[in-house]
Each structure stands twice: as C-alpha cells, then as structure tokens.
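Commentary on secondary and tertiary structure
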Amino acid sequence: MIATETHQAEILDGRLAAAQIKGEVAAEVTALKSKHGVTPRLAAVLVGDDTASAVYVRNKIRACEEVGIASEHLAMPASTTTEELLSVVDALNRNNDVDGILVQLPLPKQIDDSVIIEAIDPAKDVDAFQPTNVGLLAMGRPRFVPCTPAGIIELLDRNQIEITGANACVVGRSQIVGRPVASLLLQRNATVTICHSQTRNLPEVTRQADILIAAIGRPAFIRGDYIRPGATVIDVGVNKVTDVDAARDYFGHEAEKRIEAITKRGYTLVGDVHPAEADRVAGKRTPVPGGVGLLTVAMLMKNTLQAARWRRGL
Ligand code: NDP
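Here the structure is a predicted model, which is why all the values come from computation and not from measurement. (Residues numbered from 1 in each chain as written. Predicted model: local features only at pLDDT ≥ 70, side-chain atom pairs only at ≥ 80, totals over all residues. Heavy atoms only, no water.)

A few words on the sheet that holds strand S2 (residues 41–47). Read across the sheet, three strands follow the order S3-S2-S4 without closing on themselves; strand pairing throughout is parallel. Strands at the two margins of the open sheet, each flanked by one partner only, are strand S3 (70–76) and strand S4 (100–103). Here the average twist between neighbouring strands, direction ignored, is 15°. Note that S2 and S4 share four bridges and pair parallel. Residue Leu42 lies in a different strand from S4, and its bridge partner there is Gly100. (Pairing = 2+ DSSP bridges. Helix = DSSP H or I, 4+ residues; strand = E, 2+ residues; numbered from the N terminus. Axes fitted to C-alpha atoms, helices over the stretch in contact; angles between N-to-C directions.)

Here you go:
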C-alpha cells in the first residue's frame, strides 16, 4: 500500500467492541445469578480529589450498573496515609462479599503505592498489578490481565487482525500498559519489539511493525513516517490539547470540531499518535477518544466477573 493524500485509515471503533464485551458480561452475570445465586461485587477505592481519577472511578461504577455487577465506592481524603489505606485494603481482602478490589491510581505522594498494590489479595486483583498476577503473565500463564492490554488484544481479535507471526512494536514499557501488552502479544505468537526513551532510530524500528502500539504519554508523538504503510496502529495515549494551532495540525478534517471543543471547555484530547498523519499511512487506527479507553473499562467488568467465578471455583 502506498501512502497518498486520499488514503484514509479505517477507524477501529472502541465503542462497538466495548458494547459487545459489556453485553456478553451482562448475560454471564445474569446466568451466574440465576444458576448460583452469585452477584459479582467490585470495590473501588478513590483517594484524594484528582478530577481525572474521580471521572475514571465514576465511569467504572456506571459500567458495573450497566452489566449488573454490584459495586461500592470508597472515597478517602487526600491526607490518607499508607497505613490507613492498607487497613481498608485488608478489610476488603477479608470481606467475602467483595470479588474485585480496585485502588485508583495515581495515589497521593505520601502513600507508597507498591505497598498497597502488593497488599491486594491476588484473587481479587482485577487490575492485575499485584506481583503474583504480573509474574503469572510474564511466565505465559496469565490469570488476571491488566485491563488496557487485555482490551487491546480484544480490539485486535474482534477486528480480525492477525497477531500470530505479525511484527508487533510496543512503544512504552510501563507496568500498566507497555510491558503487559508486549507479554500478551508474545503469548499470541507475535514477534515483539519493545521501544522506550533510549531506543535508537525509533522511526526505523516502528516502521517494521504490522501492529504498532503507542503508550508513551506524549501528544501526537508517532508521526506518519513512524508507520509502515497499511499497519494497524493502536493509540493508548490520552493527552490534553489546549492550543488551537496544534489542534488544526493534528485533526485534519475533524479540526473545526476539535477547535470548538477547545473554545467551549478549554481542551480536546489527542493520543500518542498524530491522527491526521496516521490516517494517510496506516491501514487501521484507533481514535482518541472512542478507542482503547472504552475497552479498559469493559475489561474491568470481565475481570470482576472472572474473579467472582474463580473465587467460588465455578
Ligand atoms: P508511562 O509514563 O508510565 O510510560 C511511558 C513510556 O513511554 C515509558 O516507557 C517511556 O520510556 C516511554 N517514552 C517516553 N518518551 C519517549 C520517547 N521520546 N521515545 C520513546 N519512548 C518514550 O505511561 P503509561 O504507560 O502509564 O501511559 C502511556 C499513555 O497511555 C498516557 O498518555 C496515559 O494517559 C495513557 N493511558 C491510557 C489508558 C487508557 O485506558 N486509554 C490506560 C493507561 C494509560 P522510559 O521507560 O525509557 O522512560
């Protein structure tokens, strides 16, 4: 495939895949209730008053309601200590009615997040950041899989994108996205390259990829010349854009709509991939918003359902 001005990448719709997954989870939750009298329950702990975190937790609670999972939202003040949060986690670990525990990250600076994450019962670790679940995934024996990487694999599968034998390149090596998604792709028999801030000649490396995953945290960082023509590009990044000229550059035919959003509420969102340039080169790409982020919440529902089953040996 040759990049041309008229070529337009196919958009991989996260809304559709997320709705399908939530529909499947809802049906299974109903069956679990009627056959075994079990309603899965998620406890979401929010510490402090970070606006973005509060929105994420609200979306997760709303998704629970949609699929029939019971939920509780524990709000703790920004001044909470590691010990105070540990005692809440401990109580949730011991509460047999709670199937999944989610501690929304990032935590306030005074809290040692590794201590908290390690304290979560691995059987209730629906975010899959606890070292037991991280280790199982690294060994190729995944139990819980972190929600964003699991959502990326679902999106690829549901759009019939072949993973076996593909050259997959992951830019970013975080515990939350980069490393686990690379493990999952390897397990699915892709040939995986992991890139990071010390990678030499990054565009040359990313241009080898049939599947390119960007989890960097830098607005529109992956330009057209980083992308192999026809590749599938998965954009994990979520970055705020407040500058009208940047929006005009990033969004091509969508620019006016995005500039209107900046005028109305002060910002619009862009991923780690330059959307207008990717559109001219990629075969398929995920949008931001409306892509990977929606899958993350859907996979949390799936993990909570799994936790409820596994804890009861079902
Ligand atoms: P981190 O900041 O933890 O990791 C960023 C990674 O990008 C690091 O490995 C870093 O390399 C690498 N990196 C930074 N600069 C460069 C560069 N110039 N060249 C190559 N690599 C670079 O981020 P996360 O993985 O937590 O998140 C990434 C993005 O995804 C963010 O925008 C975040 O908001 C978003 N996100 C979205 C989710 C969703 O549901 N949609 C869920 C989670 C995250 P190094 O290790 O060398 O520093």
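Turning to the domain arrangement of the protein, a few remarks are in order. Each domain of the protein was delimited in the assignment, giving domain 1 (37–124) and domain 2 (147–293). Using C-alpha coordinates to define each centre, domain 1 is positioned 29 Å away from domain 2. (Domains from an automatic or database assignment.)

Attention shifts here to the pairing of S2. Burial analysis of S2 places six of its seven residues in the buried class, the great majority of the element. Looking at chain direction, S2 and S3 are connected through seven bridges and run parallel. By the bridge assignment, Leu46 is partnered in S3 with Ala75. Handedness of the crossover joining S2 and S3 through helix H2 (residues 51–67): right-handed. (Buried < 20%, exposed > 50% of the residue type's maximum accessible area, 1.4 Å probe, protein only. Right-handed = clockwise from strand over helix to strand, strands pointing away.)

In this structure, Arg285 sits in strand S11 (residues 284–285). Sequence-distant contacts of Arg285, that is, excluding residues within four places in its chain, are made with Ala9, Glu10, Ile11, Leu12, Val233, Pro275, Ala278 and Asp279. (Contact = heavy atoms within 4.5 Å.)

Taking 1.5 Å per residue as the helical rise, helix H6 (residues 147–158) with its 12 residues ought to reach 16 Å, and the 16 Å between its terminal C-alpha atoms agrees with that figure. Of all 12 residues that make up H6, 10 are buried, and the element is covered over most of its length. All of the buried residues in H6 are Cys147, Thr148, Pro149, Ala150, Gly151, Ile152, Ile153, Glu154, Leu155 and Leu156. Positioned one or two residues after H6, Gln160 has a phi angle of 55°, which is positive. (Expected span 1.5 Å × (residues − 1).)

This part is about the site of the ligand. Close contacts around the ligand come from 21 residues, with Arg173, Ser174, Ser197, Val238 and Thr296 the closest. Ser174 places a side-chain nitrogen or oxygen 2.6 Å from an oxygen atom of the ligand. In the environment of the ligand, an oxygen atom lies 2.8 Å from a nitrogen or oxygen atom belonging to the side chain of Thr296. Alone, the ligand offers 930 Å² of accessible surface; in the complex the protein occludes 70% of this. Tallied by class, the residues present in the shell around the ligand amount to eight nonpolar, 10 polar and three charged. (Near = heavy atom within 4 Å. Polar contact = N/O pair within 3.5 Å; in protein donor to acceptor, adjacent residues only side chain to side chain. Areas by Shrake-Rupley, 256 points an atom, 1.4 Å probe, with all protein chains shown as cover. Nonpolar A, V, L, I, M, F, W, Y, C, P; charged D, E, K, R; others polar.)

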